[in-house]
Structures are given as structure tokens and as C-alpha cells.
There are 2 protein chains.
Amino acid sequence: MATGRTHRPATRSRGIPEATVARLPLYLRALTALSERSVPTVSSEELAAAAGVNSAKLRKDFSYLGSYGTRGVGYDVEYLVYQISRELGLTQDWPVVIVGIGNLGAALANYGGFASRGFRVAALIDADPAMAGKPVAGISVQHTDELEKIIEDNGVSIGVIATPAGAAQQVCERLVAAGVTSILNFAPTVLSVPDGVDVRKVDLSIELQILAFHEQRKAGEEAAAADGVLPPAAAKQQRKGPDGDVPAVMPA
Amino acid sequence: MATGRTHRPATRSRGIPEATVARLPLYLRALTALSERSVPTVSSEELAAAAGVNSAKLRKDFSYLGSYGTRGVGYDVEYLVYQISRELGLTQDWPVVIVGIGNLGAALANYGGFASRGFRVAALIDADPAMAGKPVAGISVQHTDELEKIIEDNGVSIGVIATPAGAAQQVCERLVAAGVTSILNFAPTVLSVPDGVDVRKVDLSIELQILAFHEQRKAGEEAAAADGVLPPAAAKQQRKGPDGDVPAVMPA
DNA sequence: TTGTGTGAATGCCTTCACAGCT
DNA sequence: AGCTGTGAAGGCATTCACACAA
């Protein structure tokens, strides 16, 4: 994941496993593309390829939704689009507020895929008084003072936090107090929220670090491969550092 | 979450489980904060709370790295910072290119947490000739024509794609051909890459859809709770749609 | 014959609970 | 006495492989 939940234990939601829920948007995107090309039906094999998963997983995923699909034929594209949309709750409109209209907040406000699928930017909110009134993506930025009123007036239940890390927890608390129960957090902080509130986080820095880990590992493998075979023993023989390099000094 | 690998099967990397790798940056961030406050040692309980995980998981994670930590005392903050940094490959410098300098690309370029942890923005690349030469985050944007040269001259192995969806696959192929082996993809597309190349994706739209799913579910629960008890039977009795509402008509 | 739907097997991750250091 | 390190247990998720429907 690039991503993770925070609260709510591993309770399967209405019988649909969390891992499956996380893939439904992927299938939906692939199906939408097929729909636009007026493709009437698709097999699990084809759709899986388009979504970047394997077909067994896709079929198992769909089996949690019900028995859509025709044996020997495949799935009806339009029908599946509708079923998945409904399952994800995209047949209704979700008003969303974005808090923190810096570079990132502006990018999110301008993001097209937003409006396309059931989400509507209800308001842009920033703490800087100088931002108030300025139009971003065609929407006038409002000051943080208005936060509670905006949430309540628009019945907003999903909030996006794109503030600096320092402000995130406080913003989060105000959002929750005003009635928001789902938060997408772009600030590099762990948010603490009461039970019943969902938090998902998107963290550039974490993703890069995970890539760096694998990148480093690739480099190490190359070196080992150049040496010949990688030493089969020599691992797991000494504690304190699984590698050979145990630095005697502490770094600054 | 919100995120996912693409290639490379579930092979545990050098014995460290993928799930653990994904949490190391979280621990590192919490430890860095402690370090800045000059806290000398920390227990698994405290650190876990700061990182938003439970302590058993944290201890198990650390056990894959080695036996750092002192029983009855806890972990030495500075030492752990170093060990995790080394494990993640952050003791070396990773030059990174960002392709696609729109709103999002600019936001990424300006992101501070970038430079702080071993990553260095080597170049900003955009296909728009009008962007070429313009400074973003203190770096002059270069044209896509220069892509291969930039990658090779700087020894870049990590690329960030922040282009529109339509351009992503092509950019990806050029990056890979030029020597990039890790890609962070912000474009809402499934990238296909050769073996040995890691892709992680960050997708706003998917995250929102997952939140919407749970949000919808909360609303449903409330309704059921208001009615009294949720009907225990009535589920799993009829195929074709796990719900009661089987629409006879297909939506547009 | 083709391709879905799904029990069964497998493997990974998390959680438990406690032995063993300091 | 306190807290780490880790076998063992339990729970999810993925994959396999095939019965069954069209």
C-alpha cells in the first residue's frame, strides 16, 4: 500500500474483504474505458489484464459482489460498471472539502478524476487570509473560520487534508467535530481520530522510501551475482545486525 | 493501502516482509521526531503509539532487522534511526526526476520531506516547450527531449510520473529504457513494465472511492440500527445481487 | 467448448503470550 | 521488575484446480 487504514479492525465490510474493496476502483476504471469503447462484454482474463491483476483474483473478488457474469461468455461491461459503482457508493454524490490550498491542495482541486466519479468539491479552505476569495479551479477559497459552517451547510462527510504537517491534527479534529467521518490525509503525520472515523493516508515520502529499499536491494543483488553465487550460509549466525557491517560508532 | 506493488511476486526481500518494509518509514519518522527532542530511548509501547501501530507488531518488525533494543529498557533512538535508515537505503543519496510539471508535479517539487531523507530532485521534466527554462522550486524545468540524457548523466534510478494519464505509459517506457528501475506513478493508469522494475502508485481517486464505500456502509448501518436489529437471515438466499435491490433495467 | 464461480490448499501477516535478558 | 524478542496460533488473502452452466 501506499496507503493504510487507521481505525476499524479487520472486520470485513458487509462481507466484502478490504483487499477486494481496494481493487474495485481499479476494475471500475478498466471497465469504464471498455464502456467508452463500446465493448459489450469482457472475460475475467481480459479485464484482469487491463486492471493489472490476475484473473483468479478478479473472479474471486467479483464473487463477493454476486453472480454477475455468464459462464462461457464473460461479464456484461455496462452491468458491471453499474454494480461496482453502486457497491462503492458512487451512484450518489459525495460533497468533499479540501483543506490547505497550497501547491498540493490546488493540484487536487484541479484534478479531473474528482468530479467524474460521484465526488464534488464543495469547498476549498485555507488558513491564510490572503487566500480567501481567490479562485482556484473555479472555486473561491474560503477561510478556515468558515470550516464548521461549510461542513454543516453542505452535509460534507469526506474531508481532504492537504495542510502542512503541523496543522493537520487540529484541522482533523475540527473536521470530525463538524461531522466529517472520512478523511484523506496528505500531511505526513499520524492522525488520531475517534472510533467510527476512517482515515486513509497518502504519503509521498513513504512511497519513495519503499522504492529506495528495493532499489538498494537490487544493487546488492547485482554485486552478489557478479561475485558468483550468493553465500548460502553466513546468514543468521550472529545477532545484532543481520549483515556483516556492524558499525562500532553511532552516527550523528 | 492505498497503494500497491506491481511486479515481483510475494518474495520476501532479503528476509524482511513487505508489510514490514512499508512500515519502516513510519517508525523512522516517529524516531526522527523523538531524536529532535533529544529523547535518548523509547519503549516499543511508546514508539508504537507515535507511529500508529500496536507494539507487538512493532517488535516483530524490528526483530527482522536484528536485535537492537535492550530488555527492560527499550530502544536507543539514535541507533535505531541509523539502522532503519541504512536498511531503507537512505544513507545514500537518491537522485530523482519528476516528469510532468503541472499542479501536482510542482507540488511534489516543492515538497520539503523530499530532500530531507536522502532524496534529491535531480531534474524536473515537462513536455510543454513553454515550460522549459522556467524555475519551479528553484529548479529549471527541462524539456522531455532531454529525458534520456538527464537520466544517464545523473545516474537516476527513481522516477516520478505526474503526467496526465495518456502520457504515462510512454513516459514510463522512456524512463525504463534510459535506466530507471523504480517508478512512483501518480497518473491514474496501470503501467506495464518489464521484470525487475518496481512500480508504486498513488491514486487520489481510488482512495476517495474506498472512503466512499465505507461511508456508504456507515449510513446503511445507521438506518439498520434505527430500524432495530439488522435482519439475521435474508442474506445469501438468492443469487444475482447480494442485496434486495436487483434493478431490472440497465443504467445508461 | 469456453469461461465463470468456488471449495480447498497455501502462504503471509498479525496477534498472543511468555521465556529470557538487563 | 520491566520490556524485548519470538515461537505458536489464528485470521486473511491469494492461488489452484475443477465442477458446472451456457
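Along each chain, the written sequence defines residue order, and numbers are assigned to residues from 1. Whichever chain is written first is A, and whichever ligand is written first is 1; the rest continue in order. Reporting of local features is limited, given that this is a predicted model, to residues whose pLDDT is at least 70; pairs of side-chain atoms are given and counted only at 80 or more, and all residues count toward the totals for whole chains, interfaces and linings. With hydrogens and water set aside, each side-chain value is computed from the structure's full complement of heavy atoms.

Per an unreviewed UniProt entry, chain A carries the name Redox-sensing transcriptional repressor Rex and comes from Streptomyces formicae. Quoted verbatim from the Sequence similarities (unreviewed entry) field of UniProt, the annotation for chain A is "Belongs to the transcriptional regulatory Rex family." UniProt positions are given in the numbering used here, feature names are shortened, and annotations may be inferred rather than shown by experiment. Quoted verbatim from the Subunit (unreviewed entry) field of the UniProt record, the comment on chain A reads "Homodimer."

Another aspect to go through is the UniProt feature "binding site: NAD(+)" (unreviewed entry) in chain A. All names here are of chain A. In the numbering adopted here, UniProt assigns the feature "binding site: NAD(+)" (unreviewed entry) to G100, I101, G102, N103, L104 and G105. Helix and strand definitions follow DSSP, with helices as H or I runs of at least four residues and strands as E runs of at least two, each counted in order from the N terminus. Turning to its location among the elements, G100 is positioned in the loop between β3 (94–99) and α5 (103–110). Two residues qualify as a contact provided that any one of their heavy atoms is within 4.5 Å of a heavy atom in the partner residue. In contact with G100, not counting residues within four places along its chain, are G105, I125, D126, A162 and T163. Looking at where I101 falls in the secondary structure, it is placed in the loop between β3 and α5. We call a residue buried when its accessible area falls under 20% of the maximum for its residue type, exposed when it is over 50%, and partly exposed in between, using a 1.4 Å probe and counting protein chains only. By relative accessible area, I101 is classed as buried at 6%.

Residues in close proximity to DNA strand D total 26 residues, the closest being R23(A), N54(A), S44(B), Y68(B) and Y75(B). Sugar and phosphate atoms form 66% of the subset of DNA strand D atoms that lie within 4 Å of the protein. Within the contact set of DNA strand D, a base nitrogen lies 3.0 Å away from a side-chain nitrogen or oxygen of R59(B). In the environment of DNA strand D, a phosphate oxygen lies 3.5 Å from a nitrogen or oxygen atom belonging to the backbone of G69(B). Residue assignment for the surface near DNA strand D shows that the elements contributing at least two residues are α1 (18–36) and α3 (55–65) of chain A together with α3 (55–65) of chain B. Each residue is assigned to one class: nonpolar for Ala, Val, Leu, Ile, Met, Phe, Trp, Tyr, Cys and Pro, charged for Asp, Glu, Lys and Arg, and polar for all the others, Gly among them. Here the residues of the surface near DNA strand D are counted per class, giving six nonpolar, ten polar and ten charged. Definition of nearness: a residue and a molecule or strand are near each other if at least one heavy atom of the residue lies within 4 Å of the molecule or strand. Any N or O atom pair separated by 3.5 Å or less is treated as a polar contact, with the protein-specific requirement of one donor-capable and one acceptor-capable atom, and with residues adjacent in sequence counted only for side-chain atom pairs.

A word on the UniProt feature "DNA-binding region" (unreviewed entry) in chain A. Within this structure's numbering, the places UniProt gives as "DNA-binding region" (unreviewed entry) are residues 26–65 of chain A. Taken end to end, residues 26–65 of chain A comprises 75% helix and 5% strand; its first and last C-alpha atoms sit 15 Å apart.

Residues and elements named next belong to chain A. With axes taken as lines fitted to C-alpha atoms, and helix axes fitted only over the stretch in contact, angles between N-to-C directions fall between 0 and 180 degrees. Relative to each other, α1 and helix α4 (residues 77–88) sit at 145 degrees, their axes nearing to 9 Å. Judged by the sense of rotation from one axis to the other, the crossing of α1 with α4 is left-handed. Residues V21, L24, P25, Y27, L28, L31, T32, L34 and S35 of α1 form the contact with α4, whose own contacting residues are V77, E78, L80, V81, I84, S85, E87 and L88. Should the near helix be turned anticlockwise from the far one by less than a right angle, the crossing is left-handed, and should it be turned clockwise, the crossing is right-handed.

Our next topic: the relation of the copies chain A and chain B. C-alpha atoms of residues with pLDDT of at least 70 in both copies form the basis for the least-squares superposition of the copies. Of the two same-sequence chains, chain A is brought onto chain B (RMSD 0.0 Å, axial shift 0.0 Å) by a rotation of 180 degrees. Interpreted geometrically, this transformation is the action of a two-fold axis. A symmetric contact is evident, with 100% of the interface residues of chain A recurring at the interface of chain B.

This next bit is on the protein's contact with DNA strand C. In the region of DNA strand C, 26 residues are neighbours, and S44(A), Y68(A), Y75(A), R23(B) and N54(B) sit closest. Each atom of DNA strand C within 4 Å of the protein was assigned to sugar, phosphate or base; sugar and phosphate come to 66%. At 2.5 Å, a backbone N or O of S44(A) approaches a phosphate oxygen of DNA strand C. Side-chain polar atom of R23(B) to a phosphate oxygen of DNA strand C: 2.8 Å apart, as the coordinates give it.

Our next topic: the sheet that holds strand β8 (residues 182–185) of chain B. Residue and element names in this part refer to chain B. For two strands to be treated as a pair, DSSP must find at least two bridges joining them. Sheet architecture is open: seven strands sit in the order β5-β6-β4-β3-β7-β8-β9, paired in mixed fashion. In this open sheet, the two edge strands, each paired with only one partner strand, are β5 (135–136) and β9 (198–201). Pairing analysis gives four bridges linking β8 to β9, with the strands arranged parallel. Its bridge partner lying in β9, L184 is registered against R200.

Our next topic: the sheet that holds β3(A). One key point about sheets: their strands pair by backbone hydrogen bonds, in either a parallel or an antiparallel sense. All names here are of chain A. Spatially, β5-β6-β4-β3-β7-β8-β9 is the arrangement adopted by the seven strands of the open sheet, whose pairing is mixed. Pairing within the sheet leaves two strands with one partner each, and these edge strands are β5 (135–136) and β9 (198–201). Two elements, strand β4 (residues 119–126) and strand β6 (residues 139–143), share three bridges in a ladder whose sense is parallel. Residue pairing for β6: L124 is matched across the bridge by V141. Strand contacts of helix α8 (residues 165–178): β3, β7 (158–161) and β8 (182–185), with the helix running at about 170 degrees to β7, the strand carrying the most contacts.

Glancing now at the interface of chain A and chain B. With 91 residues of chain A in contact, the opposing surface of chain B contributes 91 residues. Buried area is calculated as the accessible area (1.4 Å probe) missing from two parts once they are joined, with the contributions of both summed. A combined buried area of about 7900 Å² lies between chain A and chain B, and 63% of that area is made up of carbon and sulfur atoms. In the sections that follow, a salt bridge refers to a side-chain nitrogen of Lys or Arg positioned within 4 Å of a carboxyl oxygen of Asp or Glu. At the junction of chain A with chain B, the criterion picks out six salt bridges. Among the elements that line the side of chain A that touches chain B, the one with the most residues is helix α9 (residues 204–227) of chain A, at 15 residues. Its residues assigned to classes, the side of chain A that touches chain B shows 46 nonpolar, 24 polar and 21 charged.

Right, let's talk about the packing of aromatic side chains for a bit. Each Phe, Tyr or Trp ring (for Trp, its six-membered ring) is paired with any other whose centre lies within 6.5 Å, and the angle between the two planes then decides the class: stacked below 30 degrees, edge-to-face above 60, tilted in between. Scanning the model with the defined rule gives six aromatic pairs over all chains in all. Centroid distance Y27(A) to F62(A): 5.2 Å. Interplanar angle 80 degrees. Geometry classified as edge-to-face. Of this pair, Y27(A) sits in helix α1 while F62(A) is found in helix α3, placing the two residues 35 residues apart along the sequence. On the basis of relative accessibility, which here comes to 3%, the residue F62(A) falls in the buried class. Both rings, one in F62(B) and one in Y75(B), keep their centres 5.2 Å apart while their planes meet at 85 degrees; by these two values the pair is edge-to-face. On the criterion of sequence distance, the pair formed by F62(B) in helix α3 and Y75(B) in strand β2 (residues 75–76) is long-range, its members being 13 residues apart. Considered together, F62(B) and Y75(B) belong to a single accessibility category, that of buried residues. One aromatic cluster in this structure is built from Y27(A), F62(A) and Y75(A).

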